[in-house]
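Examining the three-dimensional arrangement
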Amino acid sequence: MNVEQLQTVYVKEARRVFFLIDSKSFYASVECVQRGLNPLKAELVVLSEQSNTNGGLVLAASPMAKKHLGISNVTRKRELPNTSSLIMVNPRMNLYIEKNMDLNQIFLEFVDQEHLLPYSIDESILDVTSFWHLFGNTPEEVALKIQREARQRMGLYLTVGIGDSPVLAKLALDIEAKHAKNLQGTWHYEDVPKKLWPISDLTEVWSIGKRTAKKLHQWGINTMGDLAIYNPYLLREKMGLMGDQLYALSWGIDRTDLTEQVSVKNKSYSNSQVLPRDYRNQEEIEVVLSELADQVAARIRYHQKQARLVTLSIGYSYEAIKEEGTQGFHQTLRIEPTNHSQQLINTILKIFRQNWPGATIRNIYIAYGDLLDDHQEQLDLFNSTESESSQKVEKLLDQMRTKFGSTAIMRGISHEKGGTALERGNLVGGHNGGNSYE
């Protein structure tokens, strides 16, 4: 396909200038800077040793730790080389969140708030279409200025993907910029045939995992070019909305508008946990279920909501998956609106007892959805089980937890065997620091 033909394909597609900026080895880089080390030269890993990591897991490794020592972000502590050059540090999630906010403040010197989207703790998307010409002669020159600002003010190295669409910027970041000497890559629509379509390892492409790649291979799709010429209607029939998204991805098309206000139709609040070991005793499992159910109940009270839908997902252990032939179970139950802990705990335990076959478990997920504002409570005059005094007690407990921390007041079950709330009380994202009740 020549340039003229490509131009007819993309004639109706908006051409904007997007930066997708990644902070290189973010956690590890922050820790290097804190110690006065160069993030690109030091050998450092951020190692989480929470009990659910099964002995310790590397969350982030500096580029030299990856290059010289072969360490990746999934390396176990027991697999780390015994060398004096390697620095091992504990995660400090609150520090990383703070530095992420500082970094985004630098970005706001180049775009306004509406055109900045923090994509993750180490990536941000900037729509610089209306701004880049104020700071340089080319988008690449402006990207270099942002890189220099981050390096001089924060000691961090940034990688920048530049594209006509958000997905092209992401592809430019992952496939080109991360391997370039200047840590930049630029992809236009016309670059898709020569840069994207030849890729045969589909898992290299953002959003395509091993399972999806295997399905595509079974249908004769072995390159991104094969995907681009595949029948889009057949792809949708086989994969639903994901088929549409993959087809658009193969052409670099993404019509996301960063300034669009998204209206959430049915928000929910949830909490999940990877257990520190395989749980097989019902009493211990129900202790953790009660803890998580209570935490999510506190969250919806904090946001002055009531739930009408309760969801419980249980993931089995590796051995149980082989025995049961299934990953676990996922069940949802509609209830009368409530945000009271004991009612929600009882509902979760009811779902669990009705569906659990006795298999060992390793993952728990609890969500409350179909929310109402707290003042919209529907009173049940005949089956009311909650007194005004119990509501006052719950609100008082919530206030104390908010002020003094999630472990200031705990339910008695959290001190029983199997309880995890005490250990989780100071975690953020499963690691050191935070308040799980907010």
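For the structure, check the block above.
The rules we used
- Residues numbered from 1 in each chain as written.
- Predicted model: local features only at pLDDT ≥ 70, side-chain atom pairs only at ≥ 80, totals over all residues.
- Heavy atoms only, no water.
- Core = buried A, V, L, I, M, F, W, Y, C linked by side-chain atoms within 4.5 Å.
- Buried < 20%, exposed > 50% of the residue type's maximum accessible area, 1.4 Å probe, protein only.
- Helix = DSSP H or I, 4+ residues; strand = E, 2+ residues; numbered from the N terminus.
- Contact = heavy atoms within 4.5 Å.
- Pairing = 2+ DSSP bridges.
- Axes fitted to C-alpha atoms, helices over the stretch in contact; angles between N-to-C directions.
- Parallel < 35°, antiparallel > 145°, perpendicular 65-115°, else oblique.
- Nonpolar A, V, L, I, M, F, W, Y, C, P; charged D, E, K, R; others polar.
- Phe/Tyr/Trp six-rings, centres within 6.5 Å; stacked < 30°, edge-to-face > 60°.

Remarks on the nonpolar core
Core analysis: the biggest nonpolar cluster contains 35 residues, and Phe 19, Val 46 and Leu 126 have the highest contact counts within it. Of all the secondary-structure elements, those providing two or more residues to this core are β1 (18-23), α2 (26-34), β2 (44-48), β3 (57-61), α4 (93-107), α5 (139-154) and β7 (158-163). Per-element tally for this core: the top contributor is α4, with six residues. Beyond its immediate stretch of four places on either side in the chain, Leu 126 contacts Val 17, Phe 18, Phe 19, Ile 21, Phe 107, Val 111, His 115, Leu 116, Ile 146 and Leu 258.

Thoughts on the sheet that holds strand β8 (residues 184-187)
Across the sheet, five strands lie side by side as β5-β6-β1-β7-β8; this open sheet has mixed pairing. Only two strands of the sheet have a single neighbouring strand rather than two, namely β5 (116-118) and β8. Pairwise comparison of adjacent strand axes, ignoring direction, gives a mean angle of 15° for this sheet. Both β1 and strand β6 (residues 123-127) contribute to a ladder of five bridges, which runs antiparallel. From the neighbouring strand, Ile 21 faces β6, where its bridge partner is Ser 124.

Structural notes on the packing of α2 against α4
Remark: α2 packs on α4, axes separated minimally by 10 Å, with the N-to-C direction vectors making an angle of 95°. Classified by the angle between their axes, α2 and α4 sit roughly perpendicular to one another. Contacts between α2 and α4 pair Phe 26, Tyr 27, Val 30, Glu 31 and Gln 34 from the former with Met 93, Leu 95, Tyr 96, Lys 99 and Asn 100 from the latter. Considering only residue class, the contact of α2 with α4 consists of six nonpolar, two polar and two charged.

Quick notes on the packing of aromatic side chains
Under the criterion given, the structure shown has seven aromatic pairs. Plain terms: the ring middles of Tyr 10 and Tyr 189 are 4.3 Å apart, the flat faces sit at 15° to each other, and that makes the pair stacked. Highlighted residues: Tyr 10 in the loop between α1 (3-9) and β1 and Tyr 189 in the loop between β8 and α7 (192-196), separated in sequence by 179 residues. Judged on exposure class, the residue Tyr 10 and its partner Tyr 189 are both buried. A ring pair is formed by Phe 110 and Phe 135, whose centres lie 4.9 Å apart and whose planes are at 50°; its orientation type is tilted. Of this pair, Phe 110 sits in the loop between α4 and β5 while Phe 135 sits in the loop between β6 and α5, and the two are 25 residues apart along the sequence. Look at Phe 135 and you get partly exposed, because its relative accessible area is 25%.

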